[in-house]
Amino acid sequence: MGCVFCDIVNNKIKSEKIYEDEDVLAFKDVEPQAPVHFLVIPKKHIKSLNEVKEEDFKLIGKIFSAIQKIIKDLNIKKGFRVINNCGEDGGQTVEHIHFHILAKRKMSWPPG
Ligand code: AMP
Ligand code: ZN
């Protein structure tokens, strides 16, 4: 089965990349829900948070390190939100683990 985010990693589908290293990619969400809205993914195909294995823990750590770098580069000083939608009730629509980063507006709580 095809995977949209693997296609983005392999440049088969265009995206607005904002960060890339050998393991991690970040690109703008096509349907932004905030003035800043990007997705951070591992290049490795992992279906969801529920499929993360112990051998992937270092990789997931690299995602959070990348988030810190990007937030610094974008000069975001007032905070941001990280969202991982997991599975059907979590609202996951793309089955390649990803973390949404939203910023530059005040977020509401609780989420819908
Ligand atoms: P989720 O609902 O958590 O699975 O989030 C999937 C996100 O991927 C949605 O916010 C979509 O707008 C976004 N998305 C889907 N296809 C693309 C694409 N080709 N480029 C960038 N973002 C995408
Ligand atoms: Zn994938």
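About the cut-offs
Residues numbered from 1 in each chain as written. Chains lettered and ligands numbered in written order. Predicted model: local features only at pLDDT ≥ 70, side-chain atom pairs only at ≥ 80, totals over all residues. Heavy atoms only, no water. Helix = DSSP H or I, 4+ residues; strand = E, 2+ residues; numbered from the N terminus. Contact = heavy atoms within 4.5 Å. Near = heavy atom within 4 Å. Polar contact = N/O pair within 3.5 Å; in protein donor to acceptor, adjacent residues only side chain to side chain. Areas by Shrake-Rupley, 256 points an atom, 1.4 Å probe, with all protein chains shown as cover. 1 Å grid on protein atoms, 1.4 Å probe; cavity = no way out; pocket = protein on both sides within 12 Å on 5 of 7 lines; lining within 4 Å. Sits in = over half its atoms within 2 Å of the grid points. Nonpolar A, V, L, I, M, F, W, Y, C, P; charged D, E, K, R; others polar.

1. Notes on the environment of Leu102
On the secondary structure map, Leu102 appears in strand β5 (residues 99–103). In the structure, Leu102 is positioned 20 residues away from Val82 in sequence and 6.7 Å away in space, judged by C-alpha atoms. Setting aside chain neighbours within four positions, we find Leu102 in contact with Gln33, Ala34, Val36, His37, Phe80, Arg81, Ile83 and Met107.

2. Quick look at the site of ligand 1
Around ligand 1 sit 16 residues, and of these Asp29, Asn85, Thr93, His98 and His100 come closest. Asn85 is positioned such that a nitrogen or oxygen atom in its side chain is 2.8 Å from an oxygen atom of ligand 1. Between ligand 1 and Gly91, the relevant distance is 3.0 Å, taken from an oxygen atom to a main-chain nitrogen or oxygen of the residue. Relative to its free-state accessible area of 500 Å², ligand 1 is covered by the protein chains to the extent of 83%. When each cavity is represented as a set of grid points, ligand 1 is found to reside in the largest pocket. When residues of the shell around ligand 1 are traced back to their parent elements, those giving at least two are α1 (4–9) and β2 (24–28). Looking at the shell around ligand 1, its residues break down into 7 nonpolar, 6 polar and 3 charged.

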